[in-house]
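# Examination of the molecular architecture
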Amino acid sequence: MPAATPDNAPGVPRAPTAPDAARAARRRIHSWCLYDWANSAYVTTVAVAVLPAYFAAAVVPEGGVAVGGARLSAASLWGYLVSATALVVFVLAPPLGAVADHLGLRRRLLLAFCVCGSLAATGLVAIGPGTVWPAMGLFFVAQVGFVGGNVFYDSLLGHVAPPGRLDAVSGRGFAYGYVGGGVQFALALGLVAGHEALGLGADLAARLAMASAGLWWLGFGLWAVRGMDEPPGAAGASGGAPVREALGRLRGLWGRARAVPGLVPFMLAFLCYNDGVQTTISMATIYGSTELGLSTTVLMLTLLMIQFVSVFGALAFSRLAGAVGTRAALMLSVALWTGVALYAWRMRSATEYFILGVVVGLVMGGSQALSRSLYARLIPPDRPAEFFGYFSVVNRLSAIAGPAVFAAVAQHTGSARGGILVLTAFFVLGLALLARVPAGREGAPTAKGA
């Protein structure tokens, strides 16, 4: 029998073996991706599909709502609400992100935003005709929980992904989200479409569908966060006040970003074209309902199809990027988004809406995956977490102007079609700025551990 050594002596923890470390790494990646599976149910079923249509058809009176002497339609109210939630997260994200990173609180803040947002989404079961402000309040809290939680979720990618595997882990997270959101949305669609067979009214079925998405987000979200970990924060490293040190890190961020070749043009381009993307996604259902008069079933079937087509879109554009370069493939996806806006402006039928949904699914998966991939190649390898936090903030900022412009145009023209047409300007400007990103940076190695 061998003598006791420091590694096998009684009371001494066994050093982790390579298989143990590999299993732990797979568990971290799975848990991180699982949160996308969880919260995608909310954004697909509630924020994009059921609530906009229900808000326009049942909650807001036919003549709109009087606000400050003006009468706002459901489309205008929805656009302003989406813009307001993005603005709140944009204001809160930088200080909260800095403090969370410095004190090691990203996981706990992710949990807090997850719980608050999912409970608010579940509470939508209580809204009904005429409950305009309660519905808007619950959606506001749910949307802030979703968007704010994603700031901390994204910031954990650098800790979860092994060296050189950022693209693979990031793409896997998108795949989990598309599939998880699609599965829950299919269940919600079955509930709404088959409400008569289940002995439910259409109104109750829609509200139960939204509540089920909130519970899905809560249950799988708690499971996901439980399996995550994060590196310790840097608080106390310099002996000062931790919160003051963390907030001090925000100073000079713009100067550090300007020093990275191609980063500022990319961020400005992303700010423009992603604003158009997010506005198109968030306003698609209410546009189909108010402008085209499409039924809830048609709208939801189209969105369900988009979820699964997006998986193939992300994979196809990743292959294309390997052949022609990340920037060129991303520019193609943005150009296709311009075509989407122009086609949406002129379409009239449910068939055209469904065809457009196929194209949206393909370009949505591509533009989201390639944007994060190209950004990973631009940032300096020694500060990935700092710059990915900056990316999250700009991502939130890019969801403010588009919905507000859409709402303002719809309000003044009396039609949402003009708002859709204006979105082409966001895509064209984004393309022009992407052309200024140095193509030679595309092949740069991904930041280690990013």
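A brief structural summary.

Counting its secondary structure elements, the protein chain contains 16 helices and 2 strands. Taken across its 450 residues, the protein chain has 53% of its residues classed as buried. Counting contacts in the protein chain only where the partners sit at least 6 residues apart, residues at least 24 apart contribute 84% of the total. For the protein chain, the exposed surface amounts to about 18400 Å²; the carbon and sulfur share of it is 68%.

With that out of the way, let us pick up helix α13 (residues 350–378). Compared with an ideal rise of 1.5 Å per residue, which puts 29 residues at 42 Å, α13 spans 41 Å between its outermost C-alpha atoms and is within 8% of the ideal. Among the 29 residues in α13, 21 count as buried, and that is most of the element.

Let us now look at the packing of helix α10 (residues 263–290) against helix α15 (residues 401–413). Packing of α10 against α15 leaves a shortest axis separation of 8 Å and a crossing angle of 45°. As judged from the angle between their axes, α10 and α15 are oblique. Seen along the crossing, α10 lies across α15 with a hand that is right-handed. Packed against α10, whose contacting residues are Asp 275, Thr 279, Met 283 and Tyr 287, the element α15 presents Ala 401, Gly 402, Pro 403 and Phe 406 at the interface.

Turning our eyes to something else, we now look at the packing of α10 against helix α12 (residues 326–346). Contact geometry of α10 with α12 gives a least axis separation of 11 Å together with a crossing angle of 35°. Our pair here, α10 against α12, has a crossing hand that is left-handed. Within the contact between the two elements, α10 uses Phe 266, Tyr 273, Val 277, Thr 280 and Tyr 287 and α12 uses Leu 330, Val 334, Trp 337, Val 340, Ala 344 and Trp 345. Residue composition of the contact of α10 with α12, grouped by class: 10 nonpolar, 1 polar and no charged.

Further remarks concern the pattern of salt bridges. Enumeration according to the criterion identifies 2 salt bridges in this entry. Residue Arg 207 pairs with Asp 203 through a salt bridge whose shortest N-O separation is 2.7 Å. Of this pair, Arg 207 and Asp 203 both sit in helix α7 (residues 202–226), 4 residues apart, which is roughly one turn of that helix. The class for Asp 203 is partly exposed, based on a relative accessible area of 28%. The shortest N-O distance in the salt bridge between Arg 346 and Glu 352 comes to 3.3 Å.

For the structure on display, the rule yields 3 cavities of 30 Å³ or more. For the second largest cavity, the calculated volume is near 50 Å³. The wall of the second largest cavity is formed by Val 89, Leu 92, Ala 93, Leu 96, Phe 113, Gly 148, Val 151 and Phe 152. Put simply, the parts of the chain that give the lining of the second largest cavity at least two residues each are α2 (74–103) and α4 (132–155). Looking at which element gives the most residues to the lining of the second largest cavity, the answer is α2, with 4 residues.

Note on placement: Ser 310 falls in helix α11 (residues 296–324). Beyond its immediate sequence surroundings of up to four residues, Ser 310 is in contact with Tyr 178, Gly 361, Met 364 and Gly 365.

What follows is about the packing of aromatic side chains. What the rule picks out here adds up to 16 aromatic pairs. Considering the side-chain rings of Phe 146 and Trp 217, the 6.3 Å spacing of their centres and the 80° angle between planes classify their relative orientation as edge-to-face. Linking Phe 146 in helix α4 with Trp 217 in helix α7, this pair joins segments that are 71 residues apart in sequence. When sorted by exposure, Phe 146 lands in the same class as Trp 217, which is buried.

Within soluble globular proteins, side chains that are nonpolar tend to cluster in buried spots. Of all hydrophobic cores here, the largest spans 125 residues; its most connected members are Tyr 35, Tyr 42, Phe 55, Trp 78, Phe 266 and Tyr 273. Here this core takes 18 residues from helix α1 (residues 18–59), the largest share from any one element. Not counting the four nearest positions on each side in its chain, Trp 78 is found in contact with Ala 47, Leu 51, Pro 52, Phe 55, Phe 139, Ser 282, Met 283 and Ile 286.

Turning next to the environment of Ile 127. Inspection of the secondary structure puts Ile 127 in the loop between α3 (106–122) and α4. Sequence spacing of Ile 127 and Asp 203 is 76 residues, and the spatial spacing of their C-alpha atoms is 9.9 Å. Among all residues touching Ile 127, those that are not within four sequence positions of it are Leu 51, Tyr 54, Val 59, Ala 135, Leu 138, Arg 207 and Met 210.

As a further point, take the state of the cysteines. Here, disulfide denotes a covalent bond that connects the sulfur atoms of two cysteines. Going through the model one piece at a time under the given rule, you end up with 0 disulfides. Cys 116 supplies the cysteine sulfur nearest to Cys 114, a cysteine that is in no disulfide, at a spacing of 9.3 Å. Since its relative accessible area comes to 0%, Cys 114 is described here as buried.

This part covers the environment of Ala 24. The topology assignment puts Ala 24 in helix α1. When the C-alpha positions of Ala 24 and Gly 227 are compared, they lie 9.9 Å apart, and in sequence the two are 203 residues distant.

Let's shift gears to the side chain of Thr 424. Its location among the elements puts Thr 424 in helix α16 (residues 416–434). Classification of Thr 424 as buried rests on a relative accessible area of 15%. Ignoring anything within four residues of it in the chain, the contact list for Thr 424 reads Thr 338, Ala 341 and Leu 342.

With that out of the way, let us pick up the side chain of Thr 280. Structurally, Thr 280 is set in helix α10. Of the polar contacts made by the side chain of Thr 280, one reaches the backbone oxygen of Gly 276; its length is 2.7 Å. Not counting residues within four places of it along the chain, the set of residues in contact with Thr 280 comprises Trp 337, Val 340, Leu 423 and Phe 427.

Conventions adopted
- Residues numbered from 1 in each chain as written.
- Predicted model: local features only at pLDDT ≥ 70, side-chain atom pairs only at ≥ 80, totals over all residues.
- Heavy atoms only, no water.
- Helix = DSSP H or I, 4+ residues; strand = E, 2+ residues; numbered from the N terminus.
- Buried < 20%, exposed > 50% of the residue type's maximum accessible area, 1.4 Å probe, protein only.
- Contact = heavy atoms within 4.5 Å.
- Areas by Shrake-Rupley, 256 points an atom, 1.4 Å probe, with all protein chains shown as cover.
- Expected span 1.5 Å × (residues − 1).
- Axes fitted to C-alpha atoms, helices over the stretch in contact; angles between N-to-C directions.
- Parallel < 35°, antiparallel > 145°, perpendicular 65-115°, else oblique.
- Left-handed = near helix turned anticlockwise from the far one by under 90°.
- Nonpolar A, V, L, I, M, F, W, Y, C, P; charged D, E, K, R; others polar.
- Salt bridge = Lys/Arg side-chain N within 4 Å of Asp/Glu carboxyl O.
- 1 Å grid on protein atoms, 1.4 Å probe; cavity = no way out; pocket = protein on both sides within 12 Å on 5 of 7 lines; lining within 4 Å.
- Points joined across faces, edges and corners; volume = space filled by probe spheres on them.
- Phe/Tyr/Trp six-rings, centres within 6.5 Å; stacked < 30°, edge-to-face > 60°.
- Core = buried A, V, L, I, M, F, W, Y, C linked by side-chain atoms within 4.5 Å.
- Disulfide = S-S within 2.5 Å.
- Polar contact = N/O pair within 3.5 Å; in protein donor to acceptor, adjacent residues only side chain to side chain.

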